[in-house]
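The residues making up each chain are set out below.
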Amino acid sequence: MKILTLNCFLVPLLSPSPKTRIKLIAKKINEINPDLVFLQEVPLKSHKEELIKLLSKYNYNYITHGGLLKMGGGLCFFSKFPITEKKFYEFSKSGYWTDMSFLDKLAGKGFMKLKIQAGNQVYYCFHAHLTCNYKNDYSKNNKGLILIKQQIKEIAKEIRKISLANPCFIIGDLNMHPGTKIYKDFMKKTKAEDISLFHDPSFIGKPSKIRKYFDKSCPGKLDYIFYRGQAKINYMTNYVYNENEFLSDHKGILTEIKI
């Protein structure tokens, strides 16, 4: 089974060339041919519908339109396998009106809980895009970090309801860096293993109206695929896409898994 995650950088009014990049993103996904596709920062219904059309070989999809502006946190999911359970949980708090996190608040961020039937095997998937730690500040009283900690607590509460006998994946743009206390606490709370363990950045700085701000605030690795379960897995993980052909300000992560 192949799993792909990508932050698509389709923020309304701020992201460059959205129509062109949607077509390019879909073309690249079709070339890679993953079984499960987890996309973040696809907040507009029109963009989601365009992806549905362009990714027509993916027979099942689950699109959310929750949140303050019906954006569903900007999450978008496609699967070649049947989805037997699905639910979207909006975070109790996504951001503040008084700083850059108002963008997260508008998006109504949260996480998807999905149950996938792949042949005889059942998989649970939790798909999330946590609020950005805009100042890249890991001090105890940073408001952005406090938000992320609360969001992790809310995800972990639902993850712990799943038996360790069931293979489970936690996937998306989790806006934390490897080695930090919050990263270690996340793994401790969820009993999950990082199977996308790269220390080189998944974030790619690219020009846009707000890029200078983000280049300073969001360096490093932000995107992850975690595995939780009793069964041992064999996996091979790679970054996909590069800066030569601009799809997004993030690299995608592709993991091929055998259980």
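## Observations regarding the pairing of strand β4 (residues 76-79)
Residues in a regular strand point their side chains to alternate faces of the sheet. The two faces of β4 match: C76 and F78 on one face and F77 and S79 on the other face are all buried. Here strand β2 (residues 36-40) pairs with β4 via four bridges, running antiparallel. Within the sheet, the bridge partner assigned to F38 lies in β4 and is F77.

## Description of the packing of helix α4 (residues 143-159) against helix α5 (residues 181-190)
Interhelical geometry of α4 versus α5 gives an angle of 15 degrees and a closest axis separation of 9 Å. Regarding the angle of α4 to α5, the classification is roughly parallel. Read as a crossing pair, α4 and α5 show a hand that is right-handed. On α5, the residues touching L145, I148, K149, I152, A156 and I159 of α4 are I182, F186, K189 and T190.

## A closer look at helix α1 (residues 18-32)
Its 15 residues give α1 an end-to-end C-alpha distance of 21 Å, which sits within 8% of 21 Å, the value for a rise of 1.5 Å per residue. At its buried positions, α1 is contacted by β1 (2-7), β2, α2 (45-54), β11 (234-240) and β12 (252-258). In the segment just after α1, N33 is the residue with positive phi, at about 60 degrees.

## Looking at the pairing of β2
Counting buried residues in β2 gives five out of five residues, a clear majority hidden from the surface. Pairing of β1 with β2, which is carried by five bridges, proceeds in the parallel orientation. By the bridge assignment, T5 is partnered in β2 with F38. Where the polypeptide runs from β1 across α1 and back to β2, its parallel neighbour, the crossover connection is right-handed.

## Points about the sheet that holds strand β8 (residues 168-173)
Pairing between the strands of a sheet is mediated by backbone hydrogen bonds and can be parallel or antiparallel. Spatially, β5-β6-β7-β8-β10-β9 is the arrangement adopted by the six strands of the open sheet, whose pairing is mixed. Each edge of the open sheet carries a strand with a single partner, namely β5 (83-90) and β9 (193-194). In this structure, β9 lies alongside strand β10 (residues 223-228), joined through two bridges in antiparallel fashion. Counterpart to E193 in the pairing with β10 is Y227. Lying over the sheet, α5 contacts β8, β9 and β10, oriented at roughly 30 degrees with respect to β10.

## Considering the pattern of salt bridges
Across all of its chains, the model carries eight salt bridges by this definition. Here E31 and K27 are joined by a salt bridge, their closest N and O atoms 2.8 Å apart. One end of the pair, E31, and the other, K27, are both in helix α1, four residues apart, so they sit about a helical turn from each other. Residue K27 is classed as partly exposed on the basis of its relative accessible area, which comes to 44%. Its salt-bridge partner being E31, residue K28 comes within 3.9 Å of it at the nearest N-O pair. With K28 and E31 both in helix α1, this residue pair falls three residues apart, about one helical turn. A network of salt bridges, in which partner residues are shared, links K27, K28 and E31.

## Here we look at the sheet that holds β11
On the basis of which strands lie adjacent, the open sheet formed by six strands has the order β3-β4-β2-β1-β12-β11 and mixed pairing. On the outer flanks of this sheet lie β3 (60-63) and β11, each paired with one strand and no other. Strand-to-strand twist in this sheet, taken as the mean axis angle between neighbours without regard to direction, amounts to 15 degrees. Contacting β1, β2, β11 and β12, α1 runs over the sheet at an angle of about 165 degrees to β1.

How each quantity is defined
Residues numbered from 1 in each chain as written. Predicted model: local features only at pLDDT ≥ 70, side-chain atom pairs only at ≥ 80, totals over all residues. Heavy atoms only, no water. Buried < 20%, exposed > 50% of the residue type's maximum accessible area, 1.4 Å probe, protein only. Helix = DSSP H or I, 4+ residues; strand = E, 2+ residues; numbered from the N terminus. Pairing = 2+ DSSP bridges. Axes fitted to C-alpha atoms, helices over the stretch in contact; angles between N-to-C directions. Parallel < 35°, antiparallel > 145°, perpendicular 65-115°, else oblique. Left-handed = near helix turned anticlockwise from the far one by under 90°. Contact = heavy atoms within 4.5 Å. Expected span 1.5 Å × (residues − 1). Right-handed = clockwise from strand over helix to strand, strands pointing away. Salt bridge = Lys/Arg side-chain N within 4 Å of Asp/Glu carboxyl O.

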